There are 2 protein chains.
Amino acid sequence: MARNEHISMSVVRRLPRYYRFLYDLKENGITRISSRELSQRMGLTASQIRQDLNCFGGFGQQGYGYMVEQLYEEIGRILGMDRLSPAVMLGAGNMGRAIANHMDFEHRGIRLVGLFDDSPAVTGQVIRGMTVQPTEELDAVCAKEHPTVAILCIPKEAAPDIVDILIRHGVRGFWNFSHYDINYHYPEAVVENVHLGDSLMTLSYQLKNPDRKEA
Amino acid sequence: MARNEHISMSVVRRLPRYYRFLYDLKENGITRISSRELSQRMGLTASQIRQDLNCFGGFGQQGYGYMVEQLYEEIGRILGMDRLSPAVMLGAGNMGRAIANHMDFEHRGIRLVGLFDDSPAVTGQVIRGMTVQPTEELDAVCAKEHPTVAILCIPKEAAPDIVDILIRHGVRGFWNFSHYDINYHYPEAVVENVHLGDSLMTLSYQLKNPDRKEA
DNA sequence: TAGATTGTTAATCGATTAACAATC
DNA sequence: TAGATTGTTAATCGATTAACAATC
């Protein structure tokens, strides 16, 4: 029931949040909800919620609201949580290991098929039942598993060569914790940059430049 | 030379990226740059760069461009990188440990003054020269160090109690890796939420819903 | 000076909010 | 039916881009 040709990224970035709130509602035994009630819980306007959902079709019922379970399932499908994309992780240092251990990949649309690292101190370690392999094995694993996603937890300097290999193996999506600008070099790639340092600096800014809102 | 009363978050969120690009330019011995040249490197419009920078004052020189080093310093000052905010980290599990090890806090405006965890398996561990303390010690450390920032790497369930303690001790900024909605309960708090799962789902969406841009 | 590039105003574009008719 | 709430169109708001006069 796709209504709009193009969904704006503003809308897309709100979907995972809807998905989380709906999950919680579901867990709390709430079976239906109005856009107004949901808007209050989420700190949005009811209008925005209705606009957002209507990008994908009419999931609600006039005079009644939305069925929580059904809406949760719909949004999951829209986000593609029902089909897992095979992914390789490059770099199993502090950050890579934390991500690999911490992230609930299977419920985020991802299936990890390989962990790689250059350092002999790290290769051979077992993380979540997977052995970290030396990066030389990347080619072979890609040829076998055909990953479409790569998770980059490597330093900026190591990224260009690795990304080049991955692109040639058909990887199209990058979850990028490195500071290498993938899209500059490969405009066709789909990239989600995670710049934790930027986020922390933004917090610092807000703290040190108090908005005189109530002036 | 603050021009605008209110700087929009759209602008603020671009500042750390400018800061990074300017740092790299500086490192590469480039001393001056025009908005056009910078726009090409960053994938923005020159117009936007000039608009952004002019929120804070005229840092450029007509007919000439911007001095890289000077602009870098200015943006650093705007972001508050020159004054470190004392911060405590709650939760030193996988994610907390990775963040603590990985993040260059001193260059992000933050000074870590304490690491806390509930689990006896974790307390006593030394991370970056700091010993992880049991959470019971939080009160004492807050009273002594007066942190203004907290980094939350704890599960959602543990967050309400911890946040309450922190708020009472005067913590105003939260770098929040948990899924607890701090602003809902404390609208006055400054919060940067890091929802890694949301980011990964957004990547998944983009991968599975290819934009027929060139249709 | 002439050429270049900023600072800044005006125009456009896109996202959010408001309003209300449709309808359950 | 009457009341409630959606789906959707219109109005508003804010952010980005374009244009150009100021000026180095």
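Within every chain, residues take consecutive numbers counted from 1 along the sequence as written. Each chain takes a letter, starting from A, and each ligand takes a number, starting from 1, following the order in which they are written. For a predicted model such as this one, the threshold for reporting local features is a pLDDT of at least 70, and the threshold for listing and counting side-chain atom pairs is 80 or more; totals across whole chains, interfaces and linings nevertheless cover every residue.

Participant: Just checking my understanding: could you explain unusual backbone geometry for this structure?
Facilitator: The phi angle of most residues is negative, glycine excepted, and most peptide bonds adopt the trans form. Residues and elements named next belong to chain A. Backbone geometry at Arg128 places phi at a positive 50 degrees, although glycine is not the residue there. If you trace the backbone, Arg128 turns up in the loop between strand S5 (126–127) and strand S6 (130–134). For every residue, the other C-beta atoms within 10 Å of its own C-beta are counted; 20 or more classify it as buried, 12 or fewer as exposed, and values in between as partly exposed. C-beta atoms are placed from the backbone. Arg128 sits in the exposed class, given 12 other C-beta atoms within 10 Å. The phi dihedral of His146 is positive, around 50 degrees, even though this residue is not glycine. Counting from the N terminus, the helices are DSSP H or I runs at least four residues long and the strands are E runs at least two residues long. Inspection of the secondary structure assignment puts His146 in the loop between helix H6 (138–145) and strand S7 (149–152).

Participant: Just checking my understanding: could you explain the interface of chain B and chain A for this structure?
Facilitator: By a frequent convention, interface size equals the accessible area lost on bringing the separate parts together. Taken residue by residue, the interface counts 47 residues in chain B and 47 residues in chain A. Mapped by element, the contributors of at least two residues to the side of chain B that touches chain A are helix H2 (15–27), helix H6 (94–102), strand S9 (173–176), strand S10 (190–193) and helix H10 (196–208) of chain B. Top contributing element to the side of chain B that touches chain A by residue count: H10(B), with 13 residues. Charged means Asp, Glu, Lys or Arg here, nonpolar means Ala, Val, Leu, Ile, Met, Phe, Trp, Tyr, Cys or Pro, and polar covers whatever is left, Gly included. Here the side of chain B that touches chain A is built from residues that sort into 19 nonpolar, 16 polar and 12 charged. It is the C-beta atoms, placed from the backbone, that decide contacts: two residues are in contact if theirs lie within 7 Å.

Participant: Can you walk me through the pairing of strand S3 (residues 85–90) of chain A in this structure?
Facilitator: Where a strand is regular, its side chains alternate between the two sheet faces. Residue and element names in this part refer to chain A. Burial of S3 is extensive: five of the six residues sit out of reach of the surface. Two strands are said to pair when DSSP picks up at least two bridges between them. With six bridges connecting them, S3 and strand S4 (residues 110–117) associate as parallel partners. Each residue of the ladder has a partner; that of Val88, found in S4, is Gly114. Taking the sense of rotation as the criterion, the β-α-β connection linking S3, helix H5 (residues 94–102) and S4 turns out right-handed. Pairing analysis gives four bridges linking S3 to S7, with the strands arranged parallel. Counterpart to Leu90 in the pairing with S7 is Leu152. A crossover gets the label right-handed when its path from the first strand over the helix to the second runs clockwise, viewed with the strands pointing away from the viewer.

Participant: Would you explain the protein's contact with DNA strand D in this entry?
Facilitator: By definition, a residue lies near a molecule or strand provided its backbone-derived C-beta atom is within 6 Å of it. Taken together, 27 residues form the shell around DNA strand D, and within it A:Gly58, A:Gly60, A:Gly63, B:Ser8 and B:Gly63 come nearest. At the level of secondary structure, the elements contributing two or more residues to the surface near DNA strand D comprise helix H2 (35–42) and helix H3 (46–54) of chain A together with helix H4 (46–54) of chain B. Sort the elements by how many residues they give to the surface near DNA strand D and H3(A) lands first, with six residues.

Participant: So what exactly am I meant to see when it comes to the protein's contact with DNA strand C here?
Facilitator: The full set close to DNA strand C counts 27 residues, and A:Ser8, A:Gly63, B:Gly58, B:Gly60 and B:Gly63 are the nearest of them. Counting residues per element, the ones that place at least two in the surface near DNA strand C are H3 of chain A together with helix H3 (35–42), H4, strand S2 (60–61) and strand S3 (65–67) of chain B. Looking at which element gives the most residues to the surface near DNA strand C, the answer is H4(B), with six residues. The residue inventory of the surface near DNA strand C, partitioned by class, reads five nonpolar, 20 polar and two charged.

Participant: What's the story with the relation of the copies chain B and chain A in this structure? I'm lost.
Facilitator: Mapping one chain copy onto the other needs a rotation about an axis and a shift along that axis. When chain B is fitted to chain A, the best match, at an RMSD of 0.0 Å, comes from turning it 180 degrees and sliding it 0.0 Å along the axis. Taken together, the rotation and translation relating the two chain copies correspond to the operation of a two-fold axis. Looking at the rotation axis and the C-alpha trace of chain B, the residue lying nearest is B:Ala98, at 3.0 Å. Of the interface residues in chain B, 100% have counterparts in chain A that sit at the interface too, so the contact is made through matching surfaces. To superpose the copies, least squares is applied to the C-alpha atoms of every residue with a pLDDT of at least 70 in both.

Geometry only, nothing functional implied.
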